[in-house]
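Listed below, chain by chain, are the residues.
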Amino acid sequence: ATSPAFRPDGDQAADAAVLERFGLSSGYVLYVGGFWPHKNLPQVIRAHAALPDALRRRHPLILAGGPPSDAVERLAQSAAATARSLGPIPDAELPALYRGAALFAFPSHYEGFGLPVLEAMASGTPVLCSTAAALLELTGDAAQHVGAEEDSGWRHALRALLEDPARREALAAAGRARAAAFSPERMTSNI
């Protein structure tokens with residue numbers, strides 16, 4: 001279950017202050033999580049770097065989490081100035097980062113559960129994620145799915161979603177509804 005802080009209607013002034021602290025404007029592509037190899041970050045970095053320049057600049061790729069990875073940093077720096085790592089983020093600031101994103105991308109090879117995906121959906125952020133079994137079970141039809149190793153699939157899906165606000169809004173609405181099934185009350189009601 002997620003914290004009640006992960007919701008689509010946060011404090012606008014507080015959210016703006018968080019984005020300003022990181023030098024961000026709304027509309028970026030967000031990844032939150034570890035930088036370990038199974039998280040497959042190079043996939044989303046390469047897909048983002050393949051976007052047309054104007055689209056890539058309008059929707060920069062923001063990586064939040066860690067621990068730092070030289071390989072991820074090198075790839076992000078070589079891909080484009082529009083891919084940037086923020087490092088670890090305080091829990092209190094994560095909801096604002098999710099709400100400011102145009103899209104949440106999670107290309108992981110495998111997950112035990114996928115809490116960042118649930119946080120994104122609860123925050124009203126549309127999700128593009130891999131077909132890892134846990135993520136398929138978690139999201140159902142409330143996310144766009146692409147195989148973790150499908151390079152062209154990630155490039156196509158990322159571009160298509162960023163160019164289609166109506167599709168993103170449909171995914172956001174489906175994600176909010178799906179996330180409600182994982183409320184703290186529901187998840188603890190059988191204990």
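Definitions and limits used
- Residues numbered from 1 in each chain as written.
- Predicted model: local features only at pLDDT ≥ 70, side-chain atom pairs only at ≥ 80, totals over all residues.
- Heavy atoms only, no water.
- Helix = DSSP H or I, 4+ residues; strand = E, 2+ residues; numbered from the N terminus.
- Rg over C-alpha atoms; globule rule 2.2 N^0.38 Å.
- Buried < 20%, exposed > 50% of the residue type's maximum accessible area, 1.4 Å probe, protein only.
- Arc of directions from axis to C-beta.
- Contact = heavy atoms within 4.5 Å.
- Polar contact = N/O pair within 3.5 Å; in protein donor to acceptor, adjacent residues only side chain to side chain.
- Pairing = 2+ DSSP bridges.
- Core = buried A, V, L, I, M, F, W, Y, C linked by side-chain atoms within 4.5 Å.
- Salt bridge = Lys/Arg side-chain N within 4 Å of Asp/Glu carboxyl O.
- Axes fitted to C-alpha atoms, helices over the stretch in contact; angles between N-to-C directions.

**Structural notes on the overall build of the protein**
Turning to step 1, where the next piece is worked out: For the protein, the helix and strand inventory stands at 10 helices and 6 strands.
Turning to step 2, where the next piece is worked out: For the protein, whose C-alpha radius of gyration is 15 Å, the value lies close to the compact-globule estimate of 16 Å for 191 residues.
Turning to step 3, where the next piece is worked out: On the principal axes, the C-alpha backbone points of the protein span a range of 50 × 35 × 35 Å.
Turning to step 4, where the next piece is worked out: When the 191 residues of the protein are sorted by exposure, 51% land in the buried category.

**Some thoughts on helix H1 (residues 12-21)**
Turning to step 1, where the next piece is worked out: Along H1, the residues that are buried comprise Asp-15, Val-18 and Leu-19. Take H1 and look down its axis: the buried residues cluster within an arc of 95°, on one side only. H1 presents Ala-13, Glu-20 and Arg-21 as exposed residues on the side facing more than 90 degrees away from its buried surface.
Turning to step 2, where the next piece is worked out: As for H1, its buried residues are in contact with strand E1 (28-34) and helix H5 (94-100).
Turning to step 3, where the next piece is worked out: You can read the cap of H1 off the contacts: a side-chain oxygen lies 2.9 Å from the backbone nitrogen of Ala-13, and it is on Asp-11.
Turning to step 4, where the next piece is worked out: In the segment just after H1, Gly-23 is the residue with positive phi, at about 70°.

**Digging into the pairing of E1**
Turning to step 1, where the next piece is worked out: The buried fraction of E1 is high, at 7 of 7 residues.
Turning to step 2, where the next piece is worked out: Summarising the sheet, E1 and strand E2 (residues 61-66) pair through 6 bridges and their orientation is parallel. Each residue of the ladder has a partner; that of Val-32, found in E2, is Ala-64.

**A short note on unusual backbone geometry**
Turning to step 1, where the next piece is worked out: With an omega of 0°, the peptide bond between Gly-66 and Pro-67 qualifies as cis.
Turning to step 2, where the next piece is worked out: A positive phi angle, close to 65°, is found at Asn-40, a residue other than glycine.
Turning to step 3, where the next piece is worked out: When you line up the elements, Asn-40 lands in the loop between E1 and helix H2 (41-49).

**Topic: the nonpolar core**
Turning to step 1, where the next piece is worked out: Judged by nonpolar contacts, the single largest core of 58 residues is most densely connected at Leu-30, Leu-97 and Phe-104.
Turning to step 2, where the next piece is worked out: Looking at this core, the element that brings in the most residues is strand E4 (residues 101-106), giving 6 residues.
Turning to step 3, where the next piece is worked out: If we skip the residues at most four places from it in the chain, Leu-97 touches Leu-19, Phe-22, Leu-24, Tyr-28, Leu-30, Leu-86 and Ile-89.

**Considering the pattern of salt bridges**
Turning to step 1, where the next piece is worked out: According to the stated counting rule, one finds 9 salt bridges in the structure shown.
Turning to step 2, where the next piece is worked out: Taking the shortest distance from any N to any O, the salt bridge between Asp-15 and Arg-99 comes out at 2.7 Å. With a gap of 84 residues between them, Asp-15 in helix H1 and Arg-99 in helix H5 connect regions that are remote in the sequence.
Turning to step 3, where the next piece is worked out: For Asp-15, a relative accessible area of 13% corresponds to the buried category.

**As for the sheet that holds strand E6 (residues 144-146)**
Turning to step 1, where the next piece is worked out: Strand order in the open sheet formed by 6 strands is E3-E2-E1-E4-E5-E6, with parallel pairing between adjacent strands. Either end of the sheet is taken by a strand with one partner, and the two such strands are strand E3 (83-87) and E6. Neighbour-to-neighbour, the strand axes of this sheet turn through a mean angle of 25°, independent of strand direction.
Turning to step 2, where the next piece is worked out: Contacting E1, E2 and E4, H2 runs over the sheet at an angle of about 165° to E2.

**A short note on the side chain of Ser-123**
Turning to step 1, where the next piece is worked out: Looking at where Ser-123 falls in the secondary structure, it is placed in the loop between helix H6 (115-122) and strand E5 (127-130).
Turning to step 2, where the next piece is worked out: At 2.8 Å, the side chain of Ser-123 and the backbone oxygen of Glu-119 are in polar contact.
Turning to step 3, where the next piece is worked out: Filtering out sequence-adjacent residues up to four positions away, Ser-123 remains in contact with Phe-6, Arg-7, Pro-8, Tyr-98 and Arg-99.

**Remarks on the environment of Ala-54**
Turning to step 1, where the next piece is worked out: Tracing the chain through its elements places Ala-54 in helix H3 (residues 53-58).
Turning to step 2, where the next piece is worked out: The class of Ala-54 is exposed, set by a relative accessible area of 53%.
Turning to step 3, where the next piece is worked out: Taking the C-alpha atoms as reference points, Ala-54 and Pro-126, separated by 72 residues in sequence, lie 21 Å from one another.

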